[in-house]
Amino acid sequence: MADQAQRLREMVWAAKSTARVLAVSSGKGGVGKTGTSINLSIALSQQGARVALMDADLGLANVEVLMGLTSLHNIEHVIQGEKRMRDILVKGPAGIRLIPGSSGLAQVADLSENGRRRLLEGIDELQSEFDYIIIDTMAGIGRNAAAFAASADEVVLVSTPEPSAIVDAYAMLKTLHRMREDIAIRLLVNMAAGDAQARAVATKLATVARQYLGRNLSYLGYLPRDVHVQHAVMQSTPFLLRYPDAPASQAMAQLARRLHTQQTAPAQQPQSFLKRFAQSFGLASNG
Ligand SMILES: Nc1ncnc2c1ncn2[C@@H]1O[C@H](COP(=O)(O)OP(=O)(O)OP(=O)(O)O)[C@@H](O)[C@H]1O
Ligand SMILES: [Mg+2]
């Protein structure tokens, strides 16, 4: 046990990584995290980035279903030591790679030390091969859901204009802030009626964030409520590919460009997903 912890520490601190790890999360469920993760990944890939999309959302409408893919192996096989991460990657549309999820991730905070080490090693394998690792997370502020988000370089926090979604987004913001004050969080307002409504949501959340948490919440932008998104879901096809000219697709392409040009400050991007992930479970040393 002690030996394993030591090896994990060495691995964590020796990690050289390059990918920008971005978690898509929310307080309330059903606000559009999975759709955002998939289509943002595709948009970034279309703009020239190498993108891996990790499915850490265990709902029924998961990444595979929404992309019309099926996989033989998933992250569970990596955690169990049966497969390497690169062996479970599935080719997705527009050149993205999918890391299929499994219910094993639901209890990521309770994984055995070996399981955690294999998960970390797996993510480390990908760090040098991709520009972005996008993680589609579970909704909610439970410690498993928050573990991934708080370990990422950046969080895209998704809310809709609905009051209950805004309240839950704030709860998530608070949880993430308490776990890691320096984490970069950007708000994405989904299913907005338009620019004015989305900005009003952003202002509301930024105001309470400043007032009660003393932190900034930057605004990434919004996606309009667009019937093409629902149509694409029915066809198990990403809306960006099926309806490239739809308002939601145009907005997504713009968000991806903005994200790509808005690199986080160097202090916030020490490329240490591994370190933070291990730290959140009390595994990493101070070195
Ligand atoms: N911009 C949009 N316009 C219209 N409908 C949308 C939009 N975004 C999402 N939806 C609808 O909301 C549904 C839920 O989206 P999605 O599965 O991406 O949410 P989620 O946050 O991942 O949910 P969960 O918390 O269950 O994982 C979609 O099936 C789609 O019908
Ligand atoms: Mg989802």
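Above this text you will find the structure in question.
Residues numbered from 1 in each chain as written. Chains lettered and ligands numbered in written order. Predicted model: local features only at pLDDT ≥ 70, side-chain atom pairs only at ≥ 80, totals over all residues. Heavy atoms only, no water.

Asks: Teacher, can you tell me more about the pairing of strand E5 (residues 132-136) here?
Replies: Each regular strand displays side chains that alternate between the two surfaces of the sheet. The buried count for E5 comes to five of five residues, which makes it a mostly enclosed element. The side-chain alternation of E5 yields two buried faces, one formed by Tyr132, Ile134 and Asp136 and the other by Ile133 and Ile135. The sheet contact formed by strand E1 (residues 20-25) and E5 spans five bridges and is parallel. The partner of arginine 20 across the bridge, within E5, is tyrosine 132. For strand E2 (residues 51-55) and E5, the ladder comprises five bridges, and the chain directions are parallel. Opposite leucine 53, over in E5, you have isoleucine 134 as the bridge partner. (Buried < 20%, exposed > 50% of the residue type's maximum accessible area, 1.4 Å probe, protein only. Helix = DSSP H or I, 4+ residues; strand = E, 2+ residues; numbered from the N terminus. Pairing = 2+ DSSP bridges.)

Asks: For this particular structure, what's the right way to read the site of ligand 1?
Replies: Close contacts around ligand 1 come from 17 residues, with Gly30, Lys33, Thr34, Gly35 and Asp226 the closest. Residue glycine 30 places a main-chain N or O atom 2.9 Å away from an oxygen atom belonging to ligand 1. At 2.9 Å, a backbone N or O of glycine 32 approaches an oxygen atom of ligand 1. Bound to the protein, ligand 1 loses 79% of the 640 Å² it would expose on its own. Secondary-structure elements contributing two or more residues to the shell around ligand 1 are helix H2 (33-46), strand E7 (184-192) and helix H10 (227-234). Along the lines of polarity and charge, the residues of the shell around ligand 1 split into six nonpolar, seven polar and four charged. (Near = heavy atom within 4 Å. Polar contact = N/O pair within 3.5 Å; in protein donor to acceptor, adjacent residues only side chain to side chain. Areas by Shrake-Rupley, 256 points an atom, 1.4 Å probe, with all protein chains shown as cover. Nonpolar A, V, L, I, M, F, W, Y, C, P; charged D, E, K, R; others polar.)

Asks: Just to check I follow, could you spell out H2 for this structure?
Replies: One turn of the α-helix equals 3.6 residues, which is why residues spaced by three or four share an orientation. The end-to-end C-alpha separation of H2 is 20 Å, in line with the 20 Å expected for 14 residues at 1.5 Å each. Buried residues dominate H2, accounting for twelve of its 14 residues. Of the residues making up H2, those classed as buried are Lys33, Thr34, Thr36, Ser37, Ile38, Asn39, Leu40, Ser41, Ile42, Ala43, Leu44 and Ser45. Once H2 ends, the next one or two residues include glycine 48, with phi positive near 105°. (Expected span 1.5 Å × (residues − 1).)

Asks: Honestly, the sheet that holds E1 in this entry has me stumped. Any pointers?
Replies: Strand-to-strand pairing in sheets goes through backbone hydrogen bonds, with the strands running parallel or antiparallel. Read from one edge of the open sheet, eight strands run E3-E4-E2-E5-E1-E6-E7-E8, paired in mixed fashion. The outermost strands of the open sheet, each flanked by one partner alone, are strand E3 (90-91) and strand E8 (218-224). Examined bridge by bridge, E3 and strand E4 (residues 97-99) share two bridges and lie antiparallel to one another. Residue pairing for E4: lysine 91 is matched across the bridge by arginine 97. Contacts from H2 reach E1, E2, E5, strand E6 (154-159), E7 and E8, with the element oriented near 165° to E5. (Contact = heavy atoms within 4.5 Å. Axes fitted to C-alpha atoms, helices over the stretch in contact; angles between N-to-C directions.)

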